[in-house]
Amino acid sequence: FLNPVTDADATFWQRGAAVRYVEEQLPARLGSERALLQQLRAFLPPEITKRLSMQAERLSVLVEHFNQVGRQRESAREVARTAWELTEALRLWYAEIEYAVGGIRVADVGRDEIRLLNGLNSARCGWADANRR
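Numbering of residues begins from 1 in every chain and follows the order in which that chain's sequence is written. Only residues with pLDDT of 70 or above have their local features reported here, since the model is predicted, and side-chain atom pairs are shown and tallied only from 80 upward, although totals for entire chains, interfaces and linings are computed over all residues. Side-chain metrics in this entry use all non-hydrogen atoms of the structure; hydrogen atoms and water are not considered.

> Is there a simple way to think about the side chain of glutamate 113 in this case?
Strands here mean DSSP runs of E at least two residues long; helices mean DSSP runs of H or I at least four residues long; both are numbered from the N terminus. Inspection of the secondary structure puts glutamate 113 in helix 6 (residues 111-119). Any two residues having at least one pair of non-hydrogen atoms within 4.5 Å are treated as being in contact. Apart from the residues lying within four places of it in its own chain, the contact partners of glutamate 113 are Leu36, Gln39 and Leu40.

> Please clarify how the environment of glutamate 85 should be interpreted in this entry.
Within the element layout of this structure, glutamate 85 appears in helix 5 (residues 76-101). Separated by 23 residues in sequence, glutamate 85 and leucine 62 place their C-alpha atoms 7.6 Å apart. Not counting chain neighbours up to four residues away, the residues in contact with glutamate 85 comprise Arg58 and Leu62.

> In this structure, what is going on with the nonpolar core? I would like to understand it.
Grouped burial of nonpolar side chains is what soluble globular proteins tend to show. By convention a nonpolar core is built from buried Ala, Val, Leu, Ile, Met, Phe, Trp, Tyr and Cys residues, the set being connected through side-chain atoms within 4.5 Å. Each residue is placed in one exposure class: buried if its accessible area under a 1.4 Å probe, protein chains only, is under 20% of its type's maximum, exposed if it is over 50%, and partly exposed if it falls in between. Residues Leu86 and Trp93 are the most contacted members of the largest nonpolar core, which totals 35 residues. Counting only elements with at least two residues in this core, the list comes to helix 2 (12-24), helix 3 (26-39), helix 4 (46-70), helix 5 and helix 6. With 9 residues, helix 5 is the single largest residue contributor to this core. In this view, leucine 86 contacts Leu2, Val22, Leu26, Leu59, Leu62 and Val63; residues no more than four positions away in its chain are not counted.

> Can you help me understand the pattern of salt bridges in this one?
It is possible for side chains of opposite charge to pair when their charged atoms get near one another. Whenever a carboxyl oxygen of Asp or Glu lies within 4 Å of a side-chain nitrogen of Lys or Arg, that contact is scored as a salt bridge. Applying the stated criterion across every chain, the model contains 8 salt bridges. For glutamate 85, the salt bridge is made with arginine 58, and the minimal N-O distance between the two is 3.9 Å. On the criterion of sequence distance, the pair formed by glutamate 85 in helix 5 and arginine 58 in helix 4 is long-range, its members being 27 residues apart. The exposure class assigned to arginine 58 is partly exposed, which follows from its relative accessible area of 42%. Each of Arg58, Glu78, Arg81 and Glu85 takes part in salt bridges that share partners, so that together they form one network.

Shown next as structure tokens:
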């Protein structure tokens, strides 16, 4: 979603769509992911929970900064730099989540966790089908 912001050949509309995604959809997605991790905290070691919390805060700061510079005129270079930072932070976030929850079986979690997981669109985020128990 963020690639058009860093691509010199992207069109105005492609860049605008990326900025709108970060402003309108990414915060809700990150909120859902944080809610799921909160529900799974009993399965996670405290140091991993703390690290994920710090990364979530960093993502929030980057999203806010991206949204601020994305609305400014003549800020393409700053938007591209922030998009790159945000992309790298998201990569780390998802790698850490994958590591943290890798040993949790769907059969061991409750309905609330399944509902949150299903809300994340399992096909796009790479999670296994959570409807199976």
